[in-house]
Structure formats: C-alpha cells, structure tokens
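Residue-level structural notes
Residues per chain are reported as follows:
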Amino acid sequence: MTCPEDDCDRPATVELHIPWADNRTVCAAHARVLGQQDGVVADPKTERGDDLLEDER
Ligand SMILES: [Zn+2]
C-alpha cells in the first residue's frame, strides 16, 4: 500500500485519525505534516512506521 497523497509513492505506514474526515493511511512524511493539524492523531501501523517517525522528528 502506498501513500494516497498526490505525487507520493512512499509506503503508507501511519494511520491518521481525523475528527472531521475518514481515517486515512499515509506515509510517515505526510503523517508528520497532516498530523500537525489540531485534533489529528498519527498512529503508526508498523514498527517501521514508528521508526520513520522517530528518525525524522
Ligand atoms: Zn505521502
């Protein structure tokens, strides 16, 4: 599964829980950007996703 964002082919490893929209699963990079919005919770779905979030913080 790859990230559904435009022009992005990284693996989707983080599920975003978005209060005003359906949950979506995106790559770590997009999760970091989208996760900065109020109320959004980023939930890494794999150990690899967790690692990516840690590495890129
Ligand atoms: Zn992405």
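Let me sum up the structure you'll find in this document. Note that the structure is predicted; figures quoted are calculated from it, not measured. (Residues numbered from 1 in each chain as written. Predicted model: local features only at pLDDT ≥ 70, side-chain atom pairs only at ≥ 80, totals over all residues.)

**Focus: the pairing of strand 1 (residues 14–17)**
Under the convention used in this document: At least two bridges found by DSSP between two strands is the condition for calling them paired. Under the scheme used here, helices are H or I runs from DSSP no shorter than 4 residues and strands are E runs no shorter than 2 residues, and both carry numbers assigned from the N terminus.
The pairing of strand 1 with strand 2 (residues 24–26) spans three bridges and is classified as antiparallel. Counterpart to E15 in the pairing with strand 2 is T25. The antiparallel hairpin formed by strand 1 and strand 2 contains six residues in its connecting segment. With four bridges joining them, strand 1 and strand 3 (residues 41–44) adopt antiparallel strand pairing. Counterpart to E15 in the pairing with strand 3 is D43.

So far we have only geometry, and geometry alone does not tell us how the molecule works.
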